[in-house]
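Listed below, chain by chain, are the residues.
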Amino acid sequence: MCEHENNEDNEITQKSKEEKEKDEIDYLEYLKYRKDIIDSHCHIHEDVEHLQESCDLPFKKILLMGTTVQDWDRVNQLADKINDDNRIIRCFGIHPWFVFNYLPPSELIGKIKESSDENTNNNNNNKNLIKIDDTWKIKMKELLIKYPNSIVGEIGIDKVTKVKLNGLNKNDQDSQMKVFQDQIELANELGRLVSLHCVQLQGKLLTFFQSLSIDKFPPSIALHTFGGKPATVDQFCKMGAGKGDRFYFGLSFINLTSSKVDKLIQAIPDDRLLLESDQNTPIQADQSLFKLIQKVSTSKNWTIQKTIEQTTLNTLNFLSKQIKK
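Keep in mind that what you see is a predicted model, and the values were worked out from it rather than measured.

Rules used throughout
Residues numbered from 1 in each chain as written. Predicted model: local features only at pLDDT ≥ 70, side-chain atom pairs only at ≥ 80, totals over all residues. Heavy atoms only, no water. Helix = DSSP H or I, 4+ residues; strand = E, 2+ residues; numbered from the N terminus. Rg over C-alpha atoms; globule rule 2.2 N^0.38 Å. Buried < 20%, exposed > 50% of the residue type's maximum accessible area, 1.4 Å probe, protein only. Contact = heavy atoms within 4.5 Å. Areas by Shrake-Rupley, 256 points an atom, 1.4 Å probe, with all protein chains shown as cover. Lys, Arg positive; Asp, Glu negative; His and termini not counted. Charge placed at Lys NZ, Arg CZ, Asp CG, Glu CD. Pairing = 2+ DSSP bridges. Axes fitted to C-alpha atoms, helices over the stretch in contact; angles between N-to-C directions. Phe/Tyr/Trp six-rings, centres within 6.5 Å; stacked < 30°, edge-to-face > 60°. Lys NZ or Arg CZ within 6 Å of the ring centre and 35° of its normal. 1 Å grid on protein atoms, 1.4 Å probe; cavity = no way out; pocket = protein on both sides within 12 Å on 5 of 7 lines; lining within 4 Å. Points joined across faces, edges and corners; volume = space filled by probe spheres on them. Nonpolar A, V, L, I, M, F, W, Y, C, P; charged D, E, K, R; others polar. Expected span 1.5 Å × (residues − 1). Parallel < 35°, antiparallel > 145°, perpendicular 65-115°, else oblique. Left-handed = near helix turned anticlockwise from the far one by under 90°.

Visitor: Would you mind going over the overall build of the chain with me for this structure?
Guide: When you go through the chain residue by residue, the secondary structure sums to ten helices and ten strands. A compact globule built from 325 residues would reach a C-alpha radius of gyration of about 20 Å, and the chain, at 20 Å, matches this within 12%. For the C-alpha atoms alone, the extent of the chain along its principal axes is close to 65 × 50 × 40 Å. Counting the 325 residues in the chain, one finds 52% classified as buried. Taking contacts inside the chain between residues at least 6 apart in sequence as the whole, the part at least 24 apart equals 78%. Carbon and sulfur atoms form 47% of the exposed surface of the chain, whose accessible area is close to 15,800 Å². Between the centroid of the 43 positive side chains of the chain and the centroid of its 48 negative side chains there is a distance of 6 Å.

Visitor: How should the sheet that holds strand β4 (residues 151-158) be read in this particular structure?
Guide: Strand pairing in a sheet is mediated by backbone hydrogen bonds. Such pairs are either parallel or antiparallel. Across the sheet, which stays open at both edges, the eight strands sit in the order β1-β2-β3-β4-β7-β8-β9-β10 with parallel pairing between neighbours. Here the strands that pair on one side only, and so sit at the sheet edges, are β1 (38-42) and β10 (273-275). Neighbour-to-neighbour, the strand axes of this sheet turn through a mean angle of 25°, independent of strand direction. Of the pairings in the sheet, the one linking strand β7 (residues 194-199) to strand β8 (residues 221-223) comprises three bridges and is parallel in character. The residue of β8 that forms the bridge with Leu-196 is Leu-223. Lying on the sheet, helix α10 (residues 304-320) is in contact with β1, β2 (61-65), β7, β8, β9 (247-251) and β10; it crosses β10 at an angle near 100°.

Visitor: Could you clarify how one ought to interpret the packing of aromatic side chains in this entry?
Guide: Aromatic rings in a pair are described by how distant their centres are and how their planes are angled relative to each other. Counted under the stated rule, the structure contains 17 aromatic pairs. Consider the rings of Trp-97 and Phe-98, whose centres lie 6.3 Å apart with planes at 75°: the pair is edge-to-face. Here Trp-97 falls in the buried class, since its relative accessible area comes to 18%. The exposure class of Phe-98 is partly exposed, given its relative accessible area of 22%. Seen from their ring centres, Phe-217 and Phe-247 are 6.1 Å apart, and the 85° between their planes marks the pair as edge-to-face. Placement of Phe-217 in the loop between α6 (202-211) and β8 and of Phe-247 in strand β9 is noted, with a sequence separation of 30 residues between them. Residue classification places Phe-217 among the buried residues on the basis of a relative accessible area of 3%. Sitting above the plane of the Tyr-147 ring, Arg-90 keeps its charged end 3.9 Å from the centroid.

Visitor: How do you make sense of empty space enclosed by the protein when you look at a structure like this?
Guide: Regions of empty space are outlined by a rolling probe, equal in size to a water molecule, passed over the atoms. All chains considered together, the criterion is met by two cavities of 30 Å³ or more. Taken together, Pro-96, Trp-97, Val-99, Phe-100, Thr-161, Lys-162, Val-163, Asp-172, Ser-175 and Gln-176 make up the lining of the largest cavity. Of the residues in the lining of the largest cavity, the class split is five nonpolar, three polar and two charged. In this structure, the second largest cavity occupies an estimated 30 Å³ of space. As for the second largest cavity, its lining consists of Ser-40, His-41, Ser-195, Ala-222, Leu-274, Glu-276 and Phe-318. Per-class residue counts for the lining of the second largest cavity are three nonpolar, three polar and one charged.

Visitor: Before we go on, may I ask you to explain helix α5 (residues 173-190) in this structure?
Guide: Since the α-helix advances by 3.6 residues per turn, residues separated by three or four positions end up pointing in the same direction. An ideal rise of 1.5 Å per residue puts 26 Å on 18 residues; α5 measures up with 26 Å between its terminal C-alpha atoms. Residues Ser-175, Gln-176, Met-177, Val-179, Phe-180, Asp-182, Gln-183, Ile-184, Leu-186, Ala-187, Asn-188 and Leu-190 constitute the buried set of α5. At its buried positions, α5 is contacted by α4 (135-146), β4, β7 and α6. At the C-terminal side of α5, Gly-191 shows a positive phi close to 70°.

Visitor: Quick question: what am I supposed to make of the packing of α5 against α6 here?
Guide: Between α5 and α6, whose axes approach to 13 Å, the crossing angle comes to 40°. As judged from the angle between their axes, α5 and α6 are oblique. You can see that α5 and α6 cross each other, and the crossing is right-handed. For the pair formed by α5 and α6, the contact residues are Gln-173, Met-177, Phe-180, Gln-181 and Ile-184 on the first element and Lys-204, Leu-205, Phe-208 and Phe-209 on the second. Its residues assigned to classes, the contact of α5 with α6 shows six nonpolar, two polar and one charged.

This is how it looks when you write it as structure tokens:
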């Protein structure tokens with residue numbers, strides 16, 4: 001899950017006749033193999049006004065990333081509507097953007113939540129009290145056990161996001177790291193895969209996993225919309241004690257905004273690359289994946305067919321590492 005604005009309809013770049021012809025040829029090939037695509041990371045369940053459009057997406061598998069306790073309900077709403085747990089993978093996690101709702105910064109705990117809403121009942125101080133809420137751990141474990149194919153995600157750490165509450169405006173990495181570690185422990189305990197968000201903290205993430213013993217590792221980890229340097233890919237892959245074999249690298253249309261995306265794609269081993277729409281509406285998912293597949297095909301010198309087939313095989317291999325407990 002990345003903060004972004006869909007401006008695909010507002011592109012001002014002019015394409016040559018040759019580029020347009022290539023796009024048309026690529027898209028026809030894309031349509032031919034689209035049914036084999038696995039969208040390894042998306043939030044289309046958030047668009048509750050377009051549930052049917054989500055149901056109609058033709059992809060082989062879709063991984064729905066939950067980000068809050070309330071969001072898990074939306075994951076289940078769409079998954080239940082589609083009613084195919086082999087095709088729809090439910091994912092439950094607490095995203096770093098929303099950690100403050102469950103583990104607030106220490107300086108705010110015990111204070112009354114300030115509100116600009118004049119209709120707020122200030123007499124009901126219990127409801128407005130800022131406090132630690134650990135109940136997410138119980139519900140998350142229950143859901144993971146209830147749905148054996150579900151994975152842990154989207155979780156992670158983020159240097160940019162800020163807690164804006166009661167006049168506070170800070171990045172609370174301590175709380176993020178605590179909730180992140182709790183979720184890694186749960187993934188390890190239940191043998192679940194992980195989809196992991198990391199923004200501008202690749203070094204900290206690398207150090208965390210280097211210091212974590214292999215018996216405490218989840219079975220496999222997808223580094224979502226991987227934003228590290230090409231050299232960092234190598235550092236993750238070459239991590240000792242068999243840890244490096246557990247990392248996969250997801251790319252989405254967010255990566256396409258980087259001038260170094262070609263080098264990044266080329267640095268990712270062919271068998272570790274995953275496709276992500278990372279969209280919160282089904283309306284944008286198809287075009288996002290098409291543009292990503294085009295870029296991967298060019299960077300890897302693959303055909304559209306090869307890109308779809310290879311990344312689908314990679315995602316199936318990733319999913320196969322889940323441990324039944």
